[in-house]
Amino acid sequence: MLDSLLLYILPIIIGWGLDLLLGDPPFLPHPVVLMGKAVSFFEKRLNKGKHKRFKGAVACTTLIALTIAVLALIIYYTDKLPLIYAILIRSIFVFFFLAGTTLICEVKNVFKAVDISVEDGRKQIARIVGRETDRLTPQEIRTAALETLSENLSDGVIAPLFWLMIGGIPGMAAYKMANTLDSMIGYKTARFKDFGRFAAKTDDILNWLPARLSAILMACVSGKAKAFRFIRKYARCHASPNSGYPESALAGILDAKFGGPHSYFGEIVEKPYIGENPRCLTTQDMHTAIRINRLTEIIMIAVAALSGTLVRWGLVSLLTIIML
């Protein structure tokens, strides 16, 4: 029983701690990079001709299934090793599949760059957003950075931990593959609207609960009632069924205005506005947003660890009762 708890709890804490300290070091091979290459391989070969929706669904299902199978196999053999090695390997996977610190560093760099010049800001924001950035104003650059920060809290931290609770390391990896698919092909553009439709819908389903959980936790740690009002008023107005929740929570915390039209691959995508106060965003707003992210992460780590403990103690208690 104790070994089972340690195998679950310690990798969560150690993995999150490594992400907190290291982010995504460029010198380490990253499994998400491999996932991206696999998505690109399928997209180049299947995203043409007829039946693009069907081929996109096959590609998405195949990649997610392969991810689950590979990680389940790795964990199966890992757990046969001495406990310390099993914990270490699981911790490394948790570390790889969390993406909180790197995005925070990127957002800090965006705010520093745009304070130097608008061109520097555009170049820096282009590293973390899919929209076209060559015409963004300083205010739009800062807004894009904070929108991305709030979305990434859900996609990069809360959702992976949620699916870790549900399906262990394979579940966490499957979510990361689905999220990678959506980030690469889940656009409503001429090129991807059919082939990427299944990937986008899959990502929507997998993020449905985590996005709402993220918004609630953000609002709670902020202590601001306005955040809850923003969530109720604006979250479902967003073009995405999920992104509006963490974005509206952060907009409410900052009393700011997010959203509006953006250009993707030469096409204008209309996004509803979240909030009504078009005030200028500042470096202090960025620091506030990062503080909210970190506090929310800590709460989610505690929830993930506690839920695993309760589930395992519950199973042991149930087996004890049955045996008696």
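Note that the structure is predicted; figures quoted are calculated from it, not measured. Here the residue numbering is sequential within each chain, running from 1 through the sequence in written order. Owing to the predicted nature of the model, reporting of local features is limited to residues with pLDDT of at least 70; listing and counting of side-chain atom pairs is limited to 80 or more, with chain, interface and lining totals taken over all residues. To obtain the side-chain values, all non-hydrogen atoms of the structure were included, while hydrogens and water were left out.

Asks: Help me out: how do you make sense of the overall build of the protein chain in this one?
Replies: In terms of helices and strands, the protein chain carries 11 helices and two strands. What the globule rule says is 2.2 Å times the number of residues to the power 0.38, and the radius of gyration is computed from C-alpha atoms. Its C-alpha atoms give the protein chain a radius of gyration of 20 Å, near enough to 20 Å, the size a compact globule of 324 residues would have. The principal-axis extent of the C-alpha atoms belonging to the protein chain is close to 65 × 55 × 40 Å. Categorising residues by exposure relies on relative accessible area from a 1.4 Å probe, with only protein chains included: less than 20% of the type maximum marks a residue as buried, more than 50% marks it as exposed, and the intermediate range marks it as partly exposed. By the burial criterion, 49% of the 324 residues in the protein chain qualify as buried. A total accessible area of about 16,000 Å² is found for the protein chain, and carbon and sulfur atoms account for 67% of it. To qualify as a helix, a DSSP run of H or I must reach at least 4 residues; to qualify as a strand, a run of E must reach at least 2; elements of each kind are numbered from the N terminus. For the accessible areas, the method is Shrake-Rupley and the probe is 1.4 Å, while residue cover comes only from the protein chains on display.

Asks: Can you help me understand the pattern of salt bridges in this one?
Replies: Proximity of charged atoms lets side chains of opposite charge pair with each other. Take a side-chain nitrogen of Lys or Arg and a carboxyl oxygen of Asp or Glu: if they are within 4 Å of each other, that pair is a salt bridge. Applying the stated criterion to the full structure yields 10 salt bridges. R191 is the partner of E43 in a salt bridge, and the nearest nitrogen-oxygen pair spans 3.0 Å. Separated by 148 residues along the polypeptide, E43 in helix α2 (residues 31–46) and R191 in the loop between α7 (138–185) and α8 (197–222) bring together distant segments of the chain. Residue classification places E43 among the buried positions, given a relative accessible area of 7%.

Asks: What am I meant to see in the side chain of N179 here?
Replies: Looking at where N179 falls in the secondary structure, it is placed in helix α7. Note on contacts: a residue pair is in contact if any heavy atoms of the two residues lie within 4.5 Å. For N179, the residues in contact, after removing those within four places along its chain, are D155, D203 and N207.

Asks: Can you help me understand helix α5 (residues 101–116) in this one?
Replies: Think of an α-helix as turning once every 3.6 residues; residues three or four places apart then point the same way. Between its terminal C-alpha atoms α5 stretches 23 Å, which fits the 22 Å expected from 16 residues at 1.5 Å a residue. Taken residue by residue, α5 has T101, L103, I104, E106, V107, V110, F111, A113 and V114 as its buried positions. By this rule, a helix spans an expected 1.5 Å times one less than how many residues it contains.

Asks: Explain the nonpolar core to me, please; I cannot follow it from the model alone.
Replies: Soluble globular proteins: nonpolar side chains tend toward being buried together. Here the nonpolar core consists of buried residues drawn from Ala, Val, Leu, Ile, Met, Phe, Trp, Tyr and Cys, with membership extended through side-chain atoms lying within 4.5 Å. Counting 78 residues, the largest nonpolar core has V107, I125, L146, L149, L161, L181 and F258 as its most contacted members. When residues of this core are assigned to their parent elements, the largest contribution, 22 residues, is made by α7. In this view, L146 contacts F111, L250, L254, F258, L281, D285, M286 and A289; residues no more than four positions away in its chain are not counted.

Asks: Where do I start with the side chain of T288 in this structure?
Replies: Within the secondary structure layout, T288 lies in helix α11 (residues 283–323). Assessed through its relative accessible area of 15%, T288 is described here as buried. Once you skip the residues sitting within four places of it in the chain, T288 turns out to touch I253 and L254.

Asks: When you look at the packing of aromatic side chains in this model, what are you seeing that I'm missing?
Replies: The relation between two aromatic rings is expressed through the spacing of the ring centres and the mutual angle of the planes. Aromatic pairing here means that ring centres of Phe, Tyr or Trp (its six-membered ring) are within 6.5 Å. Orientation follows from the plane angle: under 30 degrees is stacked, over 60 is edge-to-face, and everything else is tilted. Inspection of every chain in the model, using the stated rule, returns seven aromatic pairs. Geometrically, the ring pair formed by F162 and W163 is edge-to-face, given 5.3 Å between the ring centres and 85 degrees between the ring planes. We note that F162, like W163, is buried. Residues Y187 and F192 carry aromatic rings whose centres are separated by 6.3 Å and whose planes lie at 45 degrees to one another, so their mutual orientation is tilted. Since its relative accessible area comes to 6%, F192 is described here as buried. Geometry around W208 places R212 over its ring, the cationic atom sitting 4.0 Å from the centre. One cation-aromatic arrangement involves K257 over Y273; the distance from NZ or CZ to the ring centre is 4.3 Å. The criterion is that NZ of a Lys, or CZ of an Arg, lies within 6 Å of the ring centre and within 35 degrees of the ring normal, and then a charge sits over that ring.

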